[in-house]
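Observations on the three-dimensional arrangement
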Amino acid sequence: MVLLEHPQLEILIDRIREVSGFDFSGYARPSLLRRAGRYLTNHKMTLDELLVHIGPGGSVVYDLIQELTVNYSEMFRDPDFFFRVRTEVFGYLESYPTLRFWVAGCASGEEAYSMAILLEEAGFLERSLIYATDLSNKVLTAAREGIFTLANARTFSENYMQAGGKRSLSDYYHVAYDQAAILPELRKNIVFSIHDLSGDGVFNEFQFISCRNVMIYFTLELRQKVFRLLYDSLSMLGFLCLGKRETLRYSGLEDHFKVIDSGLNIYQKIS
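Below: a short report on this structure. (Residues numbered from 1 in each chain as written. Predicted model: local features only at pLDDT ≥ 70, side-chain atom pairs only at ≥ 80, totals over all residues. Heavy atoms only, no water.)

**Description of the sheet that holds strand β4 (residues 173–176)**
Spatial strand order, β3-β5-β4: three strands in an open sheet with antiparallel pairing. The open sheet has two edge strands with one neighbour each: β3 (147–149) and β4. If you compare each strand with its neighbour and ignore which way they point, the axes differ by 30° on average. (Pairing = 2+ DSSP bridges. Helix = DSSP H or I, 4+ residues; strand = E, 2+ residues; numbered from the N terminus. Axes fitted to C-alpha atoms, helices over the stretch in contact; angles between N-to-C directions.)

**Topic: the pairing of β4**
Both β4 and strand β5 (residues 179–182) contribute to a ladder of four bridges, which runs antiparallel. Bridging across to β5, Y173 finds its partner in I182. Where β4 hands over to β5, the hairpin turn is made up of two residues, of which Y177 adopts a positive phi near 55°.

**What to know about the sheet that holds strand β8 (residues 234–242)**
Pairing between sheet strands relies on hydrogen bonds along the backbone, with the strands arranged either parallel or antiparallel. One open sheet holds the seven strands; their spatial order is β6-β2-β1-β7-β8-β10-β9, and the pairing between them is mixed. Each end of this open sheet is capped by a strand with a single partner; those strands are β6 (190–194) and β9 (257–261). Put simply, the sheet's adjacent strands are angled 20° from each other on average, direction ignored. Inspection of the sheet shows β9 paired to strand β10 (residues 266–269) by four bridges, in the antiparallel sense. Among the inter-strand pairings, V259 is bridged to a residue of β10, identified as Y267. Taken strand by strand, helix α6 (residues 110–122) contacts β1 (99–104), β2 (128–134), β6 and β7 (206–211), and its axis lies near 170° from that of β2. (Contact = heavy atoms within 4.5 Å.)

The structure is reproduced here in structure tokens:
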């Protein structure tokens, strides 16, 4: 695999920002170095050749952006998190006439669909709207389709049952040609759209925000900026959920939240 040096990566980051407006300067360097090196290897290019091909209005820069962003996800990933949301958090939300959820960094949509199933089983889905956002248009296109392989369906079903599922996961999709497609009744309450956590601002007020396994790829400075965005996007007494390897520490906002579950990083905004 092509191995980039840190100065070369900084040149690439500057070029991407100049051409597209997407700013990777706040992303952790080890992950970017691996992904940029893999992109060059797969396309049999040197950095100089890539820089020549990156131009305003061209597709190369956006293909590269898709490669540099992190897109792994699965339905009911960390089942204990979804079980806790089901049994603890939803009780706080029961009295709201309408609910808005934001799944930030949604990748190919598995967490958004998992949340829709939880809401359906709690009787909340009809009065809820889930905004699922990501930097990558490529994965959002796949997310909107709501299609996954049957091999993945088995793993997803195990996660669902461990998360306290009340039915069978197969009740929420239909099968065709060795693929599983999420039912339209779940998809209709989800809005998939592009949003750049590092540069875009507040676009709505939410009762629940899930931004899990995203912050680990950011520098401390960018994490603090994104935490402020998430805080400003939460309604009072709204919930913020982070990944197991993430924390509110050093965000500067710790005193504005009550800890609901320290192990699963579920917080409630109190001021």
